[in-house]
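# Observations on the model geometry
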Amino acid sequence: MEDLKGKVAIVTGARRGMGKSHALKLAKAGTKVTVSDISQEECQVVVDEIQKAGGEALAIKCDVSNKKEVDQMVQKTVEKFGRVDILVNNAGICQFKSFLEMTEEEWDRTLNINLRGYFLCAQAVAKEMVKQKSGAIVNIASVVMGQMGKGMAGLAHYSASKGGVAALTKTLALELAPYNIRVNAIAPGAIDTPMAASTKTDPKILEQTLAIIPLHRMGEAREVTNTVLFLVSNASSYITGSVIVVDGGWLAG
Ligand code: NAP
C-alpha cells in the first residue's frame, strides 16, 4: 500500500470506534488525515496520537448531516493539505426501536446522518476529486441492509439507511467512473465498537449473536480497517461499485 503515502484522506465519525481505527491506520500508511466527528476535542485526541507517531492530521468538528459544516470540512482540508484523495464515509448512529413505536423524528435523524450525511460528504469531496481526475470513496454500510443483506427487527430506520448507502454506492460508481473516482462500500457484521456495546454487555444477546456468526466471535475494528485500506489503495484499482462483506460469515448462513 505504498501508494497511500502522501495522499489526503477525510474520515468521518473518527473520534472512536471503527472511524478512529481507519484514521490511525491510514496515517500509519503515510496518508494525511482529516479526523472529523461531532466533538472537536475528541478529534484532537486522535490527531495528537497520529502526530505523536510522526503522522500528519487535522481535527475538524463536523456534523455530517449539516451541509454547511460538511462544505467547511472539505474546504479546510483542501486549504491545509492541498487536495482530497480519499473519503471514508463512516459516521453513523444505530438505535433500536420497534417499528410501531418509532417516531418521525427518530426516523429522520437516522436517515439524515446515515444516508443524507453520506450524500453530502461524497458530493462535496467528489467535486474536488473531479478536478484532480482521481479519488476513492468508501461508504460504510452494514449487513443489515435488505436484499443481498439482512433486515433486522428494531432497526427499520437503520436498515433503510444502510440499504440506501449500498444503492448510493453503486450509482456514484457509475457517475464518477469517467473521472477515475472509485466508489465502494463495506458491509460489516457485528464489530466490537462502542456502537455495539450492548451486544457485548448482555450475555444473552452476545450468545444469540455469536450463534449466527460462523467464525463465532465479533469482528475487530482493525479487520474492517484492513478492507478500507485495500479499497482506497491501488491494490483494488479495478474494483468500483462493489459492496464487500466483512462479517465472519454471518451472511453465508
Ligand atoms: P461508533 O463507535 O458509534 O462510531 C461512530 C461515530 O460517528 C461516533 O463517534 C458518533 O458520535 C459519530 N457520529 C454520530 N453522528 C454523527 C454526525 N451527525 N456527524 C458526525 N459524526 C457522527 O460506531 P462504529 O461501530 O465505529 O460505526 C462506524 C460505522 O460502521 C457506522 O456507520 C455504523 O453504522 C457502521 N457499522 C457498525 C457495525 C458494528 O457492529 N459496530 C456494524 C455494521 C456497520 P456519537 O457517539 O456522539 O453518536
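Analysis parameters
Residues numbered from 1 in each chain as written. Predicted model: local features only at pLDDT ≥ 70, side-chain atom pairs only at ≥ 80, totals over all residues. Heavy atoms only, no water. Helix = DSSP H or I, 4+ residues; strand = E, 2+ residues; numbered from the N terminus. Rg over C-alpha atoms; globule rule 2.2 N^0.38 Å. Buried < 20%, exposed > 50% of the residue type's maximum accessible area, 1.4 Å probe, protein only. Areas by Shrake-Rupley, 256 points an atom, 1.4 Å probe, with all protein chains shown as cover. Core = buried A, V, L, I, M, F, W, Y, C linked by side-chain atoms within 4.5 Å. Contact = heavy atoms within 4.5 Å. Near = heavy atom within 4 Å. Polar contact = N/O pair within 3.5 Å; in protein donor to acceptor, adjacent residues only side chain to side chain. Nonpolar A, V, L, I, M, F, W, Y, C, P; charged D, E, K, R; others polar. Salt bridge = Lys/Arg side-chain N within 4 Å of Asp/Glu carboxyl O. Pairing = 2+ DSSP bridges. Axes fitted to C-alpha atoms, helices over the stretch in contact; angles between N-to-C directions. Right-handed = clockwise from strand over helix to strand, strands pointing away.

## A short note on the overall build of the protein chain
When you go through the protein chain residue by residue, the secondary structure sums to eight helices and seven strands. Radius of gyration (C-alpha) of the protein chain: 17 Å, near the 18 Å computed for a compact globule of 253 residues. Expressed as lengths along the three principal axes of its C-alpha atoms, the size of the protein chain is roughly 50 × 35 × 35 Å. For the protein chain, buried positions account for 49% of its 253 residues. Summed over its atoms, the accessible surface of the protein chain is roughly 12000 Å², and 54% of this surface lies on carbon and sulfur atoms.

## Considering the nonpolar core
Ranked by size, the top nonpolar core spans 68 residues in total, and within it Leu26, Val35, Met73, Ile137, Ile186 and Val232 carry the most contacts. By residue number, the principal contributor to this core is helix α4 (residues 104-132), which donates nine residues. Apart from residues lying up to four places away in sequence, Leu26 is in contact with Leu4, Ala9, Val11, Thr31, Val33, Ile86, Val88, Leu229 and Val232. In terms of nonpolar packing, the next biggest core, distinct from the first, is built from 10 residues, Val144, Leu210, Met218 and Trp250 among them.

## Some details on the site of the ligand
Taken together, 29 residues form the shell around the ligand, and within it Arg15, Arg16, Asn90, Tyr158 and Thr193 come nearest. Between the ligand and Lys162, the relevant distance is 2.9 Å, taken from an oxygen atom to a side-chain nitrogen or oxygen of the residue. Protein coverage of the free-state accessible area of the ligand, which is 880 Å², stands at 91%. When the residues that make up the shell around the ligand are grouped by side-chain class, the tally is 17 nonpolar, seven polar and five charged.

## Focus: the pattern of salt bridges
For the coordinates displayed, the defined rule picks out 13 salt bridges. Here Asp3 makes a salt bridge to Lys7, at a shortest N to O gap of 3.8 Å. Overall, Asp3 belongs to the partly exposed group, its relative accessible area being 23%. It is possible to trace a salt-bridge network through shared partners that takes in Arg15, Asp37 and Glu42.

## Let's talk about the sheet that holds strand β3 (residues 57-61)
The parallel open sheet is built from seven strands, whose spatial order is β3-β2-β1-β4-β5-β6-β7. Taken across any chain shown, the strands that pair with only one partner, and hence form the sheet edges, are β3 and β7 (243-246). Between one strand axis and the next, the sheet turns by 15° as a mean value, whatever way the strands run. Both strand β5 (residues 135-140) and strand β6 (residues 181-188) contribute to a ladder of six bridges, which runs parallel. Within β6, the residue paired with Asn139 across the bridge is Ala185. Here helix α2 (residues 40-52) sits on the sheet in contact with β2 (32-37) and β3, set at roughly 175° to β3.

## Examining the pairing of β3
The element β3 is extensively covered by neighbouring structure, given that four of its five residues are classed as buried. In the sheet, β2 pairs with β3 via five bridges, with the strands oriented parallel. Residue Thr34 lies in a different strand from β3, and its bridge partner there is Leu58. Following the backbone out of β2, through α2 and into the adjacent parallel β3, one traces a crossover that is right-handed.

## A closer look at the side chain of Ser39
Here Ser39 is to be found in the loop between β2 and α2. Take Ser39: its relative accessible area is 15%, and that puts it in the buried class. Excluding residues that lie within four positions of it along the chain, Ser39 makes contacts with Arg15 and Lys61.

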